[in-house]
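Analysis of the macromolecular model
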Amino acid sequence: MGESDYLADPMADSSRVLVLNSGSSSLKFALLDPHSGEQYLSGIGEALGGPEPLLTWKSPGQKHSRQLDSGAAHGVVIDLLVRDLLAGSQPAAGNLIAVGHRVVHGGEQFAHSVVIDQKVIDAIAECAALAPLHNPPGLLGIHAAINAFPEIPQVAVFDTAFHQTLPRHAYLYALPYALYRDQRIRRYGMHGSSHRFVCERAAELLRKPLRELNIISAHLGNGASVTAVRNGQSVDTSMGLTPMEGLVMGTRCGDIDPGLLLHLGDALGFSLEKISSLLNRESGLLGISQLSNDCRELESAAADGHEGAKLALEIFCYRLAKYIAAYTVPLQRVDAVVFTGGIGENSIFVREQVLHQLRHLGFHVDAKHNESIRFGAEGRITAADSAVALVIPTNEEWVIARDAAALVRPGE
Ligand code: AMP
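Residues numbered from 1 in each chain as written. Predicted model: local features only at pLDDT ≥ 70, side-chain atom pairs only at ≥ 80, totals over all residues. Heavy atoms only, no water.

Around the ligand, a shell composed of 14 residues is seen, among which N222, D294, C295, R296 and G342 lie nearest. One of the side-chain N or O atoms of R374 is found 3.4 Å from a nitrogen atom in the ligand. In isolation the ligand exposes 500 Å². Once the protein is present, 75% of that is buried. For the shell around the ligand, the elements supplying multiple residues, two or more each, are helix 10 (295-303) and helix 13 (341-346). The biggest single contributor to the shell around the ligand is helix 13, with 4 residues. Split by residue class, the shell around the ligand holds 3 nonpolar, 7 polar and 4 charged. (Near = heavy atom within 4 Å. Polar contact = N/O pair within 3.5 Å; in protein donor to acceptor, adjacent residues only side chain to side chain. Areas by Shrake-Rupley, 256 points an atom, 1.4 Å probe, with all protein chains shown as cover. Helix = DSSP H or I, 4+ residues; strand = E, 2+ residues; numbered from the N terminus. Nonpolar A, V, L, I, M, F, W, Y, C, P; charged D, E, K, R; others polar.)

Here it is, written out as structure tokens:
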């Protein structure tokens, strides 16, 4: 089966978008209906480029996995997608109208999603200076997909785009201005597709026009960020130039004193490489607990009396509550706090702890609702006379698919 077999059938009534999310050693994919969000195929290639790469995928009702040859990288996964997996998803794959790519850093050049051409590829490569760990793998995925589907439009959806509405007092660091003017060093923020999804869904749930909606959106996964949304637009966010700033994360430290970096280098003789590994991979929940980066595991260890797990969760919740309280400043009126991401969607404990610390702002958890809204459910977790807190499962793939479809088939 070749690429032409996937070209859009003008008579078919339901289009499909293939969404690709490339990491340095992983490639996640999903084939979905951009209108309903229904997924026909999803999976991940992991440990790519290493000795034992593994491909796992699921189609409705079925799970599969396949060991790939040693060294197999992004191109191999995409070839398999074209040759075997999409073929197995017929007729769902038969009307592919676009491939949508998640790109982490769009710098200041991209405030919206775009159809990819050579100019866009060059601009994404330029932004790689700001995101050396994230943009190069995104480009690998883009090149592999262009090779595999030369006639199908490719669309880039940027994690940073939603935050391009930040005012300058929120995005500038108090550094010499030339660093911004000449090097574009500033806060960019990430998880934009997730915050945007949550925001649009919150507007529906609260029956408010998006342009009048004020929410604080907490995306709590292994990476975590919180965003203040005023009148439907991002006005502040906790991640910065890189995804390291802000909340306590699985293995990232979040906010620290920048003087600490000088201390690690000068007084303790740490190399830049060692500092980077320490702050990115050995800190956060894992570093504090000395046990795990996994919130679920920490909750169960804390319940068994593990002091490190208790401390890690305590710091995680405190930092998040502090950020949410701070974001009442740009909003003044908060229509809802929204929890999403693996922890936000599932952790009864974290939601309860955080909202308890915000009781002075009028938040009172409804214990029954908090316990029942998990595992993909959505809804309100605060009492009837309380300020509103919602749980909304995120769906970044759907945002990417919707943007891609809107760009290649406007008006549909
Ligand atoms: P994500 O990166 O969005 O997939 O989220 C991963 C995080 O969600 C990990 O820290 C998980 O431990 C956490 N998580 C998933 N399910 C639960 C749960 N039932 N209770 C607490 N945390 C959970």
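Having seen the model, we can carry on.
The next subject is the sheet that holds strand 14 (residues 389-391). In spatial order, the strands read 11-10-9-12-14-13; together these 6 strands make up an open sheet with mixed pairing. Pairing within the sheet leaves two strands with one partner each, and these edge strands are strand 11 (233-237) and strand 13 (379-380). The pairing of strand 10 (residues 224-230) with strand 11 spans 4 bridges and is classified as antiparallel. Paired with R230 across the two strands is Q233, which belongs to strand 11. Packing against the sheet, helix 14 (residues 348-357) makes contact with strand 9 (215-220), strand 12 (336-340) and strand 14, and its axis sits at approximately 155° to strand 12. (Pairing = 2+ DSSP bridges. Contact = heavy atoms within 4.5 Å. Axes fitted to C-alpha atoms, helices over the stretch in contact; angles between N-to-C directions.)

Take helix 11 (residues 307-326) next. For helix 11, spanning 20 residues, the distance from its first C-alpha to its last is 29 Å, which sits close to the expected 28 Å at 1.5 Å a residue. G308, A309, A312, L313, F316, C317, R319, L320, A321, Y323 and I324 are the residues of helix 11 that are buried. (Expected span 1.5 Å × (residues − 1). Buried < 20%, exposed > 50% of the residue type's maximum accessible area, 1.4 Å probe, protein only.)

This brings us to the side chain of S217. Its location among the elements puts S217 in strand 9. Overall, the relative accessible area of 0% leaves S217 in the buried class. Of the polar contacts made by the side chain of S217, one reaches the side chain of H195; its length is 2.6 Å.

Turning to the pairing of strand 12, a few remarks are in order. With 5 of 5 residues buried, strand 12 is to be regarded as a mostly interior element. Neither face of strand 12 is open: one carries A336, V338 and T340, the other V337 and F339, and all of them are buried. Both strand 9 and strand 12 contribute to a ladder of 5 bridges, which runs parallel. If you follow I216 over to strand 12, its bridge partner there is V337. Here strand 12 pairs with strand 14 via 3 bridges, running parallel. Bridge pairing in strand 14 places F339 opposite V391.

Moving on to the sheet that holds strand 6 (residues 96-103). Reading across from one edge, 5-4-3-2-1-6-8-7 is the order of the 8 strands in this open sheet, with mixed pairing throughout. In the strand order of this sheet, the two ends are held by strand 5 (62-67) and strand 7 (114-115), each with one partner. Sheet topology places strand 3 (residues 39-46) next to strand 4 (residues 54-59); 5 bridges connect them, and they run antiparallel. Following the sheet pairing, G43 is matched in strand 4 by W57.

Among the 6 residues of strand 9, 6 are classified as buried, and the element is accordingly described as predominantly covered. Going residue by residue along strand 9, you find I215, S217 and H219 tucked away on one face and I216, A218 and L220 tucked away on the opposite face as well. Alignment of strand 9 against strand 10, held across 6 bridges, turns out to be antiparallel. Within strand 10, the residue paired with H219 across the bridge is S225. Two successive antiparallel strands, strand 9 and strand 10, enclose a turn made up of 3 residues.

Applying the stated rule across the entire model yields 16 salt bridges. A salt bridge links D159 to R102; the nearest nitrogen and oxygen atoms lie 2.6 Å apart. Of this pair, D159 sits in the loop between strand 8 (154-158) and helix 4 (168-171) while R102 sits in strand 6, placing them 57 residues apart in sequence. Overall, D159 belongs to the buried group, its relative accessible area being 1%. Judged by its relative accessible area of 22%, R102 is partly exposed. One salt bridge connects D182 with R181, and the closest N-O pair in it is separated by 3.1 Å. (Salt bridge = Lys/Arg side-chain N within 4 Å of Asp/Glu carboxyl O.)

Further remarks concern the packing of aromatic side chains. Under the defined criterion, the tally for this structure stands at 5 aromatic pairs. When the ring of F110 is compared with that of F158, the centres are 4.3 Å apart and the planes differ by 5°; the resulting orientation is stacked. Taken together, the positions of F110 in the loop between strand 6 and strand 7 and F158 in strand 8 put the pair 48 residues apart, joining distant regions of the chain. Assessed through its relative accessible area of 8%, F110 is described here as buried. On the accessibility criterion, F158 (3% relative accessible area) is buried. On the basis of an interplanar angle of 70° and a centroid distance of 5.8 Å, the ring pair of Y323 and Y327 is categorised as edge-to-face. Three or more aromatic residues joined by ring pairs form one cluster here, namely Y171, Y177 and Y180. Here the basic side chain of R184 rests over the ring of Y180, its NZ or CZ set 4.7 Å away from the ring centre. Cation over ring: R186 sits above Y171, and NZ or CZ is 3.7 Å from the ring centre. (Phe/Tyr/Trp six-rings, centres within 6.5 Å; stacked < 30°, edge-to-face > 60°. Lys NZ or Arg CZ within 6 Å of the ring centre and 35° of its normal.)

Worth remembering: the numbers are spatial, not functional.
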